[in-house]
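Below are the chains, spelled out letter by letter.
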Amino acid sequence: LGQTTHTTKLHDTITFSSASPQLLFDSKRNRIVTTRRTGDWRKFDGPDAIEVRDAETMELVPSPIPTLHAGAKIALASDFLLIVSWDAKTEQSVFQVIRFETGEVMRAWNSPFRISACEVSPSADLVVCGGAIEGQRKALFAMDFLTGKQVWLTEYAEREFHGVRDIAFSPDGKSLVACNW
């Protein structure tokens, strides 16, 4: 797909394609939020940018969200955007809770896990992540959204689990599903 972006409206369904590693729908504001590679998308060089579009018109909406490290993970929680990126210097994942409309960083914390997926619970009290530590130990874990403190952790042997690809909550937040590669 390269760096091309196009939209198509088919019956009341809007499809959107680009070189975006992630795509979210913000139903509160009727917007589509994506990450877009700014460098060579085949080499993972250059930072990612947040791109926000009106879901009806697909027009770009100005966004104060800063540029991200390449491969950053994003999740929405009400008026906040959770951004998780890998800091190669400290070898830690950096979590930032950013006010969606202003770009203001509300909270930040670090984790030794290299995050491959994350999701915020419907009640916005938990962040559930999948990742690896020291390149070997694979885990699915939850953190308190306000403090960043770990609530629970489940580790998996590599032969049983090859890393988390995606995470989703049920609408009532009582069930969680995670899939691997």
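The rules behind these values
Residues numbered from 1 in each chain as written. Predicted model: local features only at pLDDT ≥ 70, side-chain atom pairs only at ≥ 80, totals over all residues. Heavy atoms only, no water. Helix = DSSP H or I, 4+ residues; strand = E, 2+ residues; numbered from the N terminus. Buried < 20%, exposed > 50% of the residue type's maximum accessible area, 1.4 Å probe, protein only. Contact = heavy atoms within 4.5 Å. Pairing = 2+ DSSP bridges. Axes fitted to C-alpha atoms, helices over the stretch in contact; angles between N-to-C directions. Polar contact = N/O pair within 3.5 Å; in protein donor to acceptor, adjacent residues only side chain to side chain. Phe/Tyr/Trp six-rings, centres within 6.5 Å; stacked < 30°, edge-to-face > 60°. Lys NZ or Arg CZ within 6 Å of the ring centre and 35° of its normal. Core = buried A, V, L, I, M, F, W, Y, C linked by side-chain atoms within 4.5 Å. pLDDT = per-residue confidence, 0-100. Patch = residues over 30% accessible without salt bridge, like charges linked within 9 Å, V, L, I, M, F, W, Y side chains within 5 Å. Areas by Shrake-Rupley, 256 points an atom, 1.4 Å probe, with all protein chains shown as cover. Salt bridge = Lys/Arg side-chain N within 4 Å of Asp/Glu carboxyl O.

**Some points on the overall build of the protein chain**
Helices and strands together make up the secondary structure of the protein chain, namely zero helices and 16 strands. Per-residue burial for the protein chain yields a buried fraction of 41% across its 181 residues. For the protein chain, the proportion of contacts with a sequence separation of at least 24, taken over those separated by at least 6, is 34%.

**Things to note about the sheet that holds strand β10 (residues 105–111)**
The strands making up a sheet associate through hydrogen bonds between their backbones, and the pairing can be parallel or antiparallel. Taken together, four strands build an open sheet; the order of strands is β7-β8-β9-β10 and the sheet is antiparallel. Two strands bound the open sheet, and with one partner strand each, they are β7 (73–77) and β10. Neighbour-to-neighbour, the strand axes of this sheet turn through a mean angle of 20°, independent of strand direction. Inspection of the sheet shows strand β8 (residues 80–87) paired to strand β9 (residues 92–99) by eight bridges, in the antiparallel sense. Across the sheet, leucine 81 pairs through a bridge with isoleucine 98, a residue of β9.

**Focus: the side chain of serine 121**
Tracing the backbone shows serine 121 in the loop between β11 (114–120) and β12 (126–133). Residue serine 121 is classed as buried on the basis of its relative accessible area, which comes to 6%. Of note is the side chain of serine 121, whose polar atom sits 2.7 Å from the side chain of aspartate 125.

**Details of the packing of aromatic side chains**
Scanning all chains against the criterion turns up two aromatic pairs. Judged by centre distance (5.3 Å) and plane angle (10°), the rings of phenylalanine 95 and tryptophan 109 are stacked. Remark: tryptophan 109 occurs in strand β10 and phenylalanine 95 occurs in strand β9; sequence separation between them is 14 residues. You can call phenylalanine 95 buried: its relative accessible area is 0%. Taking the centre distance of 4.7 Å and the plane angle of 35° together, the rings of phenylalanine 113 and phenylalanine 141 count as tilted. Of this pair, phenylalanine 113 sits in the loop between β10 and β11 while phenylalanine 141 is found in strand β13 (residues 137–144), placing the two residues 28 residues apart along the sequence. We note that phenylalanine 113, like phenylalanine 141, is buried. For arginine 107, the ring lying beneath its charged end belongs to phenylalanine 80, and the centroid distance is 5.9 Å.

**Looking at the pairing of strand β16 (residues 176–180)**
Pairing between strand β15 (residues 164–169) and β16: five bridges, direction antiparallel. Counterpart to alanine 168 in the pairing with β16 is valine 177. Counted between consecutive antiparallel strands, the loop separating β15 from β16 contains six residues, among which glycine 173 sits at a positive phi close to 75°.

**Let's talk about the nonpolar core**
One finds Leu82, Phe95, Ile115, Val127 and Cys129 to be the most contacted residues of the largest nonpolar core, which totals 19 residues. Contributions of two or more residues to this core are made by β7, β8, β9, β11, β12 and β13. Val52, Ala72, Leu76 and Phe100 belong to the second-largest nonpolar core, a separate cluster that totals 14 residues.

**So, the confidence of the model for the protein chain**
When pLDDT is averaged along the protein chain, the result is 77; 75% of the residues meet or exceed 70. A low-confidence stretch, residues 1–20 (pLDDT under 50), is modelled with 41 contacts involving residues beyond four sequence positions or located in other chains.

**Structural notes on a nonpolar patch on the surface**
Side chains of Val151, Trp152 and Leu176 sit close together on the surface and give an oily, nonpolar patch of about 240 Å² of accessible area. Along the chain, the position of valine 151 falls in strand β14 (residues 150–156). You can call valine 151 partly exposed: its relative accessible area is 49%.

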